Amino acid sequence: MKNDIKKTILNEAKNNLNNGDIKKAEALLKGYLDFNNDPEISSILANIYTGRGNLKEALEILKCQDSNYFCVFKSLSEVYIKLEKYDKLYNLWKKNKDRNFQDL
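Let me begin by describing the structure that accompanies this report. It should be emphasised that the depicted structure is a prediction, and the values quoted were computed from it without experimental measurement. (Residues numbered from 1 in each chain as written. Predicted model: local features only at pLDDT ≥ 70, side-chain atom pairs only at ≥ 80, totals over all residues. Heavy atoms only, no water.)

1. Points about helix α5 (residues 70-82)
Point 1. Here α5 spans 18 Å end to end across 13 residues, near enough to the 18 Å set by a 1.5 Å rise per residue.
Point 2. Every buried residue belonging to α5 is among Cys71, Val72, Phe73, Ser75, Leu76, Ser77, Val79 and Tyr80, and all of these are buried.
Point 3. Along its buried surface, α5 packs onto α3 (39-52), α4 (55-63) and α6 (86-96).
Point 4. Where α5 ends, the next residue or the one after it, Glu84, has phi of about 55°, a positive value. (Helix = DSSP H or I, 4+ residues; strand = E, 2+ residues; numbered from the N terminus. Expected span 1.5 Å × (residues − 1). Buried < 20%, exposed > 50% of the residue type's maximum accessible area, 1.4 Å probe, protein only. Contact = heavy atoms within 4.5 Å.)

2. Re the pattern of salt bridges
Point 1. Under the defined criterion, the tally for this structure stands at 5 salt bridges.
Point 2. In this structure, Lys6 and Glu40 form a salt bridge, with 3.0 Å as the shortest nitrogen-oxygen distance. Placement of Lys6 in helix α1 (residues 2-18) and of Glu40 in helix α3 is noted, with a sequence separation of 34 residues between them.
Point 3. Linked by salt bridges that have partners in common, Lys6, Asp38 and Glu40 make up one network. (Salt bridge = Lys/Arg side-chain N within 4 Å of Asp/Glu carboxyl O.)

Shown next, in the form of structure tokens:
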């Protein structure tokens, strides 16, 4: 049941993003995260914030997630680069260099 809800939220958010209704996609993703800790949904929401330039909000969402998920690792890397936090980026890469990512 939980996966069905997640799929529905992801499909609806994707449709909203494709139609330019970013606010509605954001609301759906935030609503889902209010009740579920999910790295994929968090990464998508962080990407929305990053695209808007809200890097601190993106970072707050991603810091609560496991960087062993590639989607989180990738999004977190992008935020650190944009914030010019190269020491944090280096530590992230160093920490994950030998891992097999969960969602690949």
